[in-house]
Every structure is written in structure tokens, then in C-alpha cells.
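Understanding the architecture of this molecule
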Amino acid sequence: MTTLTFHVEPGGALRGRLRVPGDKSISHRAIMLGSLAEGVTTITGFLEGEDCLATLNAFRAMGVRIDGPEQGSVVVHGVGLHGLTAPTGPLDMGNSGTSIRLMSGLLAGQAFDTVLTGDASLTRRPMRRVTEPLTNMGARIEATETGSAPLHLHGGQRLTGIDYPLPMASAQVKSCVLLAGLYAEGVTRVTEPAPTRDHTERMLEGFGYPVQREGNHTVSMTGGGRLQGTVIDVPSDISSAAFFLVGASIAPGSDLLLEHVGVNPTRTGVIDILRLMGADIEVLNPRLAGGEPVADLRVRSALLHGIAIPEELVPLAIDEFPALFIAAACAEGMTVLTGAEELRVKESDRIQVMADGLIALGVAAGPTADGMVIQGRGTLAGGTIASHGDHRIAMSFAMAALRAGGPVTIHDCANVNTSFPGFVTLARNTGLTLVESAG
Ligand code: S3P
């Protein structure tokens, strides 16, 4: 794999307007459901990052004709729920947890065998959370001894719907079980300990597949229906916008407009948490795009203060904590995060890796089993960061330079392309002094 280092000069402000790339979660699901639908699905705003391309290539390998992507436009010629064909080799999901977990659900119900694998990070991540419920439904899956990928899914099994209480708040596990439910006999019902992103449910409905919601925590569906091809306009990813929300909040003199950002209420925890810290974020021109709420976000710099982060916001901001930790480090006073043990099993252990990076920049950061305590002092030192190949760690520390006393060097940044191709250009265009070098 190519290695890449970011060198970011200290100081500056973020100004102007920008549109960050398409939502990663929605882009994955658009390819998956579009492939399994009858007829054509037209997608605009598709995220051409490596994670979503891994999903797209996997469906091509299973016989689906997919035109594009070309400037975010993709046309998927759906083959119907039973039209996929056996791939000739293992499907490589790269760095993408969403690809492997959601696809294990929909592949468990196929007539053919598949092997799902990925890179060094993905093959370390926990997969029992999906293999257990799928096995309960009647799937036959082999994993490694530690319960991780490669996953070998045996085709030709008869799946039956289950009533599954999720052990953790995970949209990937919920979606995996629901996608297996498309192939299961009877009703598949999932209950979450706390609401998580509901893009799968919304998109199933968009493809004409009935989904029942029972209160805020339970969703059910009946197998054996059909998906009808549709049109999907993917909003900008609030998880990518988050780096700019934090950067503009912490850098004095900033004023930034982020256009057409997805503001699904299961994703907006980052706005709520930053506002609780004193951030100045306006949600402008709210509207609907293809069943998903979108808005423009105006963010201006503000004096932030430390807070105890309400635990109910954790699943609604789960990918934004690397960026939020930078905000906390630049705030005055103590920020305490609890109830976020899931951060330890993301692309990296985001509690440990962020704490190490913050300490390298002179911040008093104390990792805990399920979160972090950060003593903000309003400024950071320059320093060198190991991102551990985690895209969100790399982009978060790039923003940290805006408030640092010296240059910030970040190693192992190539995976920024998994979720945010074009980050460097957009960051430079809005005010970050960032250069890349190989190695
Ligand atoms: C995602 C769900 C979350 C999130 C990931 C995308 C999804 O993972 O961290 O980036 O698209 O469903 P978990 O379900 O593991 O929390």
C-alpha cells in the first residue's frame, strides 16, 4: 500500500463555501439495494471513495452491470433478489466495515458460496456480532478462531426470520440482519438499545419494500418481497462535514458554508455536541432529498468550553469523535466522554490512538475503557501523529493544526481516500496549509 504523510502548517482560518463528497453509508446501500432491485437505479452524488468502490466492485463480480461512477453518477442495472451469480474468487472489502457486515447479511441468503475478506484493519475487527444472528437465522458461516474475517458463507441455506435484540447500538449489525431478512421466511425484527442511523430502513422503503417501525427502537420486515429500482440523490456526508465544522469552530476568524449536507436526525449528534460546547452552527434551508433530510450548515468560530457528553448522543455521532476530541482539546475546561466503547473497534482503536495523538500535541488526554477525559487549555503544541491508517484520525489532526503552536505531521494518511477523496484540495481551498508527501 502506498504511504502518505500530511504536513500541516499551524494557524489560519477556514472561509468560503464547499460541498463535501457524498454520504458513505447511503452510497453503500444504494449500490446494494440497486443491485438487488428489479429495473434500473440511478444514483447521483455517489461517494467515489475506496470503501464504496469495494462494494460496487463486489456486485460487479457477482454479475451486476453498473455504469460509472462518473462525477458521482452511477447507473445500476438491478438483477432482482435472486439474480446474483457466484463470484470467481474472494470478495475484497478493503478497509470497509459497512461493506463486509451488510454484505454478509445479504449473501447469507444466496444459492452460492462467497468468501468476504479485507485489509489488515478489517480482518482484525469483530465479526461475531454479525455471524451470530445470521447463524440463528439458519446461515452457515465460518470465520477465524477469533471470530474475524475472512468469512466463508455457505450458500443454499434456508433462512428464517428472528426477533433479535441487538447487544450493541450498531447500524451495521441492524442492517445486516434486515438484509438477511429479505431472504428469510417470515418476520425479521430487530430491537436496538439506542437509535442508530436508519438509512437502510429509509432506503428499503424508497425501493418499495415495506418496513414496520415500532417506536424508536424496533424495526421489522417480512421476507419474500421485491425491490423496485429507483432514483437516489445522495446528500453530502455529515461525517466528512464534521472535520470542517470542528476546524471552523476552533480557528478564530472562520466562516464556512457547507452545502447540501445530510441531516438525518440519526446522524446529527455532532451538531448537538458542538453546540453544547458553545459552537456557532446554523442549519439553513432544510429540505428533503430522496427520502433523506438535507440542509446547508453555516459555521463560524466560537469560544468552546468542555462538557460531559450526553450518552444518548453517542450513537448519533459515533464516527465524529476523533474530530470532537480535537474540539475538546481546544475548548476551555474538561470534556468527558463515556458510553463509547464501540470506538475501540473502529478502523483503529480510536480511544487509544486519539489519546496518543493528543498527548503528542501536549494535551492532557486520559483514555478510559469506554471514552476519554480531555482537559482543554485552548491551545495545542505542534508534533507528529501516527494515524494508524485510520482516515478519520488523519483528517482530525489535520484540523488540529489550525490551533497548534507549530507544524503538525501526520503519518499513514492514504486511507483518507476510503471516505473523503479530495479532502486535501477542499481543505487547502478553504484555508488549511497542508502539503502531502509520499512515505
Ligand atoms: C455505519 C455504521 C457505523 C459507522 C460506520 C458506518 C453504517 O458502524 O461507524 O462508519 O453505514 O451502517 P457501527 O454500526 O459498527 O456502529
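Residues numbered from 1 in each chain as written. Predicted model: local features only at pLDDT ≥ 70, side-chain atom pairs only at ≥ 80, totals over all residues. Heavy atoms only, no water.

**Observations concerning the layout of surface pockets**
Here is the rule: As defined here, a cavity is a set of points on a 1 Å grid over the protein atoms alone where a 1.4 Å probe fits but cannot get out. A pocket is an open set with protein on both sides within 12 Å along at least five of seven lines, and residues line them when an atom is within 4 Å of a point. Grid points are joined across faces, edges and corners, and a volume is the space filled by probe spheres set on the points. Only DSSP runs of H or I with at least four residues qualify as helices, and only runs of E with at least two residues qualify as strands; both kinds are numbered from the N terminus onward. Only Asp, Glu, Lys and Arg are considered charged in this grouping, and only Ala, Val, Leu, Ile, Met, Phe, Trp, Tyr, Cys and Pro are considered nonpolar; every other residue, Gly among them, is considered polar. Where each domain starts and ends follows an automatic or database-derived domain assignment.
Looking at the largest pocket, its volume works out to about 540 Å³. Of all the secondary structure elements, the ones that give two or more residues to the lining of the largest pocket are α1 (24-36), α3 (97-107) and α5 (171-181). Taken together, the residues of the lining of the largest pocket break down into 9 nonpolar, 8 polar and 15 charged. Taken domain by domain, the lining of the largest pocket gets at least three of its residues from each of domain 1 (4-21 + 235-438) and domain 2 (24-233). The wall of the second largest pocket is formed by 17 residues, among which E192, P195, R213, N216 and T266 lie closest to the centre. At the level of secondary structure, the elements contributing two or more residues to the lining of the second largest pocket comprise α6 (199-206) and β13 (218-222). Tallied by class, the residues present in the lining of the second largest pocket amount to 4 nonpolar, 6 polar and 7 charged. Two domains each provide a minimum of three residues to the lining of the second largest pocket, namely domain 1 (4-21 + 235-438) and domain 2 (24-233).

**Section: the site of the ligand**
Applicable threshold: One heavy atom within 4 Å of a molecule or strand makes the whole residue count as near it. In protein, a polar contact means a hydrogen-donor-capable atom and an acceptor-capable atom, both N or O and within 3.5 Å, with residues adjacent in sequence counting only if both atoms are side-chain atoms; elsewhere, any N or O pair within 3.5 Å suffices. Each accessible area value is a Shrake-Rupley result obtained with a 1.4 Å probe; residue values ignore everything except the protein chains displayed when judging cover. If over half the atoms of a molecule are within 2 Å of the grid points of a cavity or pocket, the molecule is regarded as sitting in it.
Taken together, K24, S25, R29, T98, R101, S170, A171, Q172, R197, I318, D319 and K346 make up all the residues around the ligand. Contact distances for the ligand include 2.6 Å between an oxygen atom and a side-chain N or O atom of S170. Expressed as a share of its isolated accessible area of 390 Å², the protein-covered part of the ligand is 96%. One can see that the ligand is located within the largest pocket. The leading source of residues in the shell around the ligand is α1, at 3 residues. Looking at the shell around the ligand, its residues break down into 2 nonpolar, 4 polar and 6 charged.

**Quick word on the pattern of salt bridges**
Defined as follows: Any carboxyl oxygen of Asp or Glu that lies within 4 Å of a side-chain nitrogen of Lys or Arg is treated as forming a salt bridge with it. Per-residue accessibility, obtained with a 1.4 Å probe over protein chains only, is compared with the maximum for each type, and a residue is labelled buried under 20%, exposed over 50%, and partly exposed between these values.
Within this structure, the stated rule accounts for 26 salt bridges. For R267, the salt bridge identified is with D23, shortest N-O distance 2.9 Å. In this pair, R267 sits in the loop between β15 (255-262) and α8 (269-276) while D23 sits in the loop between β2 (15-18) and α1, placing the two residues 244 residues apart along the sequence. With a closest N to O distance of 3.9 Å, D319 and R392 form a salt bridge. Of the two residues, D319 sits in the loop between β17 (292-300) and α9 (321-330) while R392 sits in helix α11 (residues 391-400), which places them 73 residues apart along the sequence. By relative accessible area, which is 12% here, D319 ends up buried. Members of the salt-bridge network, linked through shared partners, are R125, R197, D319, E347, R350, D390 and R392.

**Some points on empty space enclosed by the protein**
Taken as a whole, this structure holds 2 cavities of 30 Å³ or more when the rule is applied. Size it by volume and the largest cavity reaches roughly 40 Å³. In this structure, the largest cavity is lined by D23, I26, H199, P235, I238, G262, V263, N264, R267 and E292. By residue class, the composition of the lining of the largest cavity is 4 nonpolar, 3 polar and 3 charged. Estimates place the volume of the second largest cavity at around 30 Å³. Along its surface, the second largest cavity is lined by I309, L324, F325, A328, T335, L337, M372 and I374. Among the elements of the structure, α9, β18 (332-337) and β20 (371-377) are those that each provide at least two residues to the lining of the second largest cavity.

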